[in-house]
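# Inside the fold
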Amino acid sequence: MTTATEPSAADTGSKTARRTFSGIQPSGIVHLGNDLGAIRNYVRLQDEYEAIYCIVDYHALTTVHDGEILRRQTREMAASLLALGLDPERCTLFVQSHRPEHTELAWLFSTVTPVSWLERTPTYKEKREQQPDDVNHGLLTYPVLQAADIAIYKASLVPVGRDQAAHLELSREIVRAFNRRYGETFPEPEAVYTETPTVLGTDGVRKMSKSVGNTIEILAEPDVIRKQVMSMVTDTQRILRTQPGRPEICNVCQLHRFFGDDYEMIWDGERTARTGCVDTKRLLADRLIAHYAPARERYHELMAKPADIDGILEAGADRLRPRAEATMAEVRERMGLR
């Protein structure tokens, strides 16, 4: 883990010296890219800072238009996060819509945000291509709500992948615009970059994502995980088993780095053709199944008690209520609304 701007000695003196915030889409049960790219970082940060994690169901409404699906996927995401190591005693986990102050601040932020800033957002351009028949207003103003999510708790650190740097910079610009107009109110959030690069999907080309169907469902049954791993694209130039491979560009070989200290030996086997791609995939499947077995069991235990999940999420939102209300009182006073 690295930070864009390293904390000072004073800041690192206690867990609560700095506050982190991150939001995750309620896309249902998590996949391997979610864990390697974000959740492992979330788990580490809950012991280093005051950590706030939000399941962003308001954001999800830009693409999900079925209430039952959204409710189910929100609970599945919460259970996944808890199963993979988030502890409600060490962090705050809640659902975005349970704190409506987020949308009020987003509206107020929209009055200081030029439309041109939003139109240049990479995600907006991507979503216009992915869902041309549903280019709703929420897709355009998504970054404003994102900025409000962070700012309402005056979080100073945001764990993101490097591919999300442009989005965080826009949040910083929106905060700067508000502070210029109404006085210093919010800190400019800094990025906490995960050391994990973008996790490619089973196609070996695009980022792992449910929307393109190239995921490995780490909390699924072993047979499902094995089938997904065995479908992975490896080194496309290695046609024959006897040909040497190129582990540096093989997605399967790269993933072995996260599930064993012997990955260099595995890579050497590929380079020298001692092992084949099928062998390497079988080994990866075995290791994924074994590594995530405890989390899989915990996930099923949680899903069998939905009231417990809901209680954790409600408690998280209640814990944040005083802070959100205090921020909004300050903002309204500065803007002349009260």
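Keep in mind it's a predicted model, so treat the numbers as computed, not measured.

### Regarding the overall build of the protein
When its secondary structure is counted, the protein shows 14 helices and six strands. Against the compact-globule benchmark of 20 Å for 338 residues, the protein has a radius of gyration of 21 Å, which places it among compact chains. Expressed as lengths along the three principal axes of its C-alpha atoms, the size of the protein is roughly 75 × 50 × 45 Å. Taken over 338 residues, the protein has a buried fraction of 49%. As displayed, the protein offers around 15900 Å² of accessible surface, 51% of which is attributable to carbon and sulfur atoms. One way to put it: in the protein the 43 positive side-chain charges average out to a point 2 Å from where the 49 negative ones average out.

### Comments concerning the nonpolar core
Across soluble globular proteins, nonpolar side chains have a tendency to be buried as a group. Judged by nonpolar contacts, the single largest core of 50 residues is most densely connected at Leu32, Leu81 and Leu288. Among residues more than four places away in sequence, those in contact with Leu32 are Met208, Ile216, Ile218, Leu255, Phe259, Leu288 and Tyr292.

### Observations concerning helix 1 (residues 32-45)
The terminal C-alpha atoms of helix 1, which comprises 14 residues, lie 19 Å apart, in line with the 20 Å expected from a rise of 1.5 Å per residue. The largest bend in helix 1 comes to about 45 degrees, at Ala38. Burial of helix 1 is extensive: ten of the 14 residues sit out of reach of the surface.

### Here we look at empty space enclosed by the protein
Summed over the entire model, instances satisfying the criterion amount to one cavity of 30 Å³ or more. Roughly 30 Å³ of volume is contained in the largest cavity. In terms of lining residues, the largest cavity is bounded by Thr123, Tyr124, Lys127, Leu139 and Tyr142. If you list the elements that add at least two residues to the lining of the largest cavity, you get helix 6 (122-130) and helix 7 (137-151). The greatest single-element share of the lining of the largest cavity, amounting to three residues, is contributed by helix 6. Residue classes in the lining of the largest cavity are distributed as three nonpolar, one polar and one charged.

### Quick word on the environment of Leu108
Among the structural elements, Leu108 can be located in helix 4 (residues 101-110). Among all residues touching Leu108, those that are not within four sequence positions of it are Met328, Val331, Met335 and Leu337.

### As for the packing of helix 12 (residues 277-291) against helix 13 (residues 293-303)
One can describe the packing of helix 12 onto helix 13 by two numbers: an axis separation of 4 Å at closest approach and a directional angle of 45 degrees. On the basis of the axis angle, helix 12 is oblique to helix 13. Of the residues in helix 13, those touching helix 12 at Leu288, Ile289, Ala290 and His291 are Ala293, Pro294 and Arg296. A class-by-class count of the residues in the contact of helix 12 with helix 13 yields five nonpolar, one polar and one charged.

### With respect to the pairing of strand 4 (residues 92-95)
Side chains Thr92 and Phe94 project from strand 4 onto one buried face, and the interleaved Leu93 and Val95 project onto a second face that is buried too. Where strand 3 (residues 50-55) and strand 4 come together, four bridges link them in parallel fashion. Its bridge partner lying in strand 4, Cys54 is registered against Phe94.

### Things to note about the confidence of the model for the protein
With 94% of its residues at a pLDDT of 70 or more, the protein has an overall mean of 90. Predicted confidence for residues 1-14 stays below pLDDT 50, and this span has 24 contacts to residues more than four positions away or in other chains.

### Thoughts on the pattern of salt bridges
One pass over the full model with this rule turns up 25 salt bridges. Taking the shortest distance from any N to any O, the salt bridge between Arg90 and Asp47 comes out at 2.7 Å. With Arg90 in the loop between helix 3 (67-83) and strand 4 and Asp47 in the loop between helix 1 and strand 3, this pair connects stretches of sequence that are 43 residues apart. Assessed through its relative accessible area of 29%, Arg90 is described here as partly exposed. A salt bridge links Arg176 to Glu188; the nearest nitrogen and oxygen atoms lie 2.8 Å apart. One end of the pair, Arg176, is in helix 8 (residues 165-182); the other, Glu188, is in the loop between helix 8 and strand 6 (190-193), with twelve residues separating them in the sequence.

### Some details on the packing of aromatic side chains
Taken as a whole and assessed by the stated rule, the structure comprises nine aromatic pairs. With a centroid separation of 6.1 Å and 25 degrees between ring planes, the pair formed by Phe21 and Tyr153 is classed as stacked. Here Phe21 is found in strand 2 (residues 19-24), whereas its partner Tyr153 is found in the loop between helix 7 and strand 5 (157-160), with 132 residues between them in sequence. Each member of the aromatic cluster is reached from another via a ring pair, and the members are Phe109, Phe178, Tyr182 and Phe186.

### So, the side chain of Ser80
As for its position among the elements, Ser80 is in helix 3. Assessed through its relative accessible area of 0%, Ser80 is described here as buried. At a separation of 3.4 Å, a polar atom in the side chain of Ser80 contacts the main-chain amide nitrogen of Val30. When residues no more than four places from it in sequence are discounted, the contact partners of Ser80 are Gly28, Ile29, Val30, Leu219 and Tyr299.

Thresholds, definitions, all that
- Residues numbered from 1 in each chain as written.
- Predicted model: local features only at pLDDT ≥ 70, side-chain atom pairs only at ≥ 80, totals over all residues.
- Heavy atoms only, no water.
- Helix = DSSP H or I, 4+ residues; strand = E, 2+ residues; numbered from the N terminus.
- Rg over C-alpha atoms; globule rule 2.2 N^0.38 Å.
- Buried < 20%, exposed > 50% of the residue type's maximum accessible area, 1.4 Å probe, protein only.
- Areas by Shrake-Rupley, 256 points an atom, 1.4 Å probe, with all protein chains shown as cover.
- Lys, Arg positive; Asp, Glu negative; His and termini not counted.
- Charge placed at Lys NZ, Arg CZ, Asp CG, Glu CD.
- Core = buried A, V, L, I, M, F, W, Y, C linked by side-chain atoms within 4.5 Å.
- Contact = heavy atoms within 4.5 Å.
- Expected span 1.5 Å × (residues − 1).
- Bend = angle between axes of the 7 residues up to and from the residue.
- 1 Å grid on protein atoms, 1.4 Å probe; cavity = no way out; pocket = protein on both sides within 12 Å on 5 of 7 lines; lining within 4 Å.
- Points joined across faces, edges and corners; volume = space filled by probe spheres on them.
- Nonpolar A, V, L, I, M, F, W, Y, C, P; charged D, E, K, R; others polar.
- Axes fitted to C-alpha atoms, helices over the stretch in contact; angles between N-to-C directions.
- Parallel < 35°, antiparallel > 145°, perpendicular 65-115°, else oblique.
- Pairing = 2+ DSSP bridges.
- pLDDT = per-residue confidence, 0-100.
- Salt bridge = Lys/Arg side-chain N within 4 Å of Asp/Glu carboxyl O.
- Phe/Tyr/Trp six-rings, centres within 6.5 Å; stacked < 30°, edge-to-face > 60°.
- Polar contact = N/O pair within 3.5 Å; in protein donor to acceptor, adjacent residues only side chain to side chain.

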